[in-house]
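# Observations on the three-dimensional arrangement
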Amino acid sequence: MKLAEALSLRADLQKRVAQLRERLKDNSKVQEGDVPVEDPKELWIELEDNLTQLEEIIYRINVTNMHSLHDGHPLTKLIAAKDILTLRVSSMREVLKHASEREERYGRQEIKYVRTIDTADLRRKVDSYSRQWRELDVKIQSLNWVIELA
């Protein structure tokens with residue numbers, strides 16, 4: 001199995017676990033005299049089975065990521081770099097949005113706000129980091145389709 005297939009399986013299992021949790025909540029309590037639509041005991045068994053499968057696939061993905069090298073670095077390092085780029089870009093975009101908002105003043109007595117950052121420079125940095133993120137994402141995705149799952 002390729003790493004990309006395992007990642008897809010992990011996503012499916014995560015969705016399935018979330019659905020089972022909701023179904024369990026929906027069937028954990030009924031009005032007196034009613035019966036649950038689904039048997040909570042069977043749902044618990046199914047949830048436990050899916051969690052066991054999810055634990056195994058997460059472990060195998062993590063082992064694979066640690067032992068798969070690209071340009072001398074483990075795949076985990078590339079993933080961490082991508083995660084930090086995501087945080088960096090989202091933080092910069094939030095600051096840029098806040099700094100770019102136009103403040104309405106209805107009279108001279110109202111407080112005037114001034115920018116303390118160069119928004120044009122920040123936009124260029126956001127564009128550069130976004131490009132780096134896209135390139136890194138493509139690299140990681142392509143590796144996922146050639147690396148065999150441990």
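Presented here is an overview of the structure given in this document. The structure presented is a predicted model; accordingly, all values stated were derived computationally and were not measured.

Rules of the game
Residues numbered from 1 in each chain as written. Predicted model: local features only at pLDDT ≥ 70, side-chain atom pairs only at ≥ 80, totals over all residues. Heavy atoms only, no water. Phe/Tyr/Trp six-rings, centres within 6.5 Å; stacked < 30°, edge-to-face > 60°. Lys NZ or Arg CZ within 6 Å of the ring centre and 35° of its normal. Salt bridge = Lys/Arg side-chain N within 4 Å of Asp/Glu carboxyl O. Helix = DSSP H or I, 4+ residues; strand = E, 2+ residues; numbered from the N terminus. Buried < 20%, exposed > 50% of the residue type's maximum accessible area, 1.4 Å probe, protein only. Axes fitted to C-alpha atoms, helices over the stretch in contact; angles between N-to-C directions. Parallel < 35°, antiparallel > 145°, perpendicular 65-115°, else oblique. Left-handed = near helix turned anticlockwise from the far one by under 90°. Nonpolar A, V, L, I, M, F, W, Y, C, P; charged D, E, K, R; others polar.

## Some remarks on the packing of aromatic side chains
Using the criterion set out here, one finds zero aromatic pairs in the structure. The ring centre of Tyr129 lies 5.1 Å from the NZ or CZ of Arg88, which sits over that ring.

## Description of the pattern of salt bridges
For the structure on display, the rule yields eight salt bridges. Ionic pairing is found between Lys25 and Glu22, a salt bridge with its closest N-O pair at 3.1 Å. On the criterion of helical spacing, the pair formed by Lys25 and Glu22 is a turn pair, its members being three residues apart in helix α1 (residues 3–27). With relative accessibility at 40%, the residue Glu22 sits in the partly exposed group. For the salt bridge of Lys82 with Asp137, the shortest nitrogen-to-oxygen distance reads 2.8 Å. Of this pair, Lys82 sits in helix α3 (residues 75–100) while Asp137 sits in helix α4 (residues 119–144); the two residues are 55 residues apart in sequence, bridging distant segments of the chain.

## So, unusual backbone geometry
Non-glycine residue Asp71 carries a positive phi angle of around 55 degrees. Here Asp71 shows up in the loop between β1 (69–70) and β2 (73–74). Under the relative-accessibility criterion, Asp71 is labelled exposed at 63%.

## Some thoughts on the environment of Gln31
Relative to the helices and strands, Gln31 is located in the loop between α1 and α2 (40–67). Note: C-alpha distance between Gln31 and Asp71 (40 residues apart in sequence) is 61 Å.

## Focus: the packing of α3 against α4
In the contact formed by α3 and α4, the axes pass within 9 Å of each other and the chain directions differ by 155 degrees. Here α3 lies roughly antiparallel to α4, going by the angle between them. The chirality of how α3 crosses α4 is left-handed. Partitioned by chemical class, the residues of the contact of α3 with α4 number 17 nonpolar, six polar and seven charged.

## Observations regarding the packing of α1 against α2
The geometry of α1 relative to α2 is characterised by a closest axis approach of 9 Å and an angle of 155 degrees between their N-to-C directions. The orientation of α1 relative to α2 falls into the category roughly antiparallel. When you trace α1 past α2, the crossing you get is left-handed. For the contact of α1 with α2, the class distribution of residues is 17 nonpolar, six polar and five charged.

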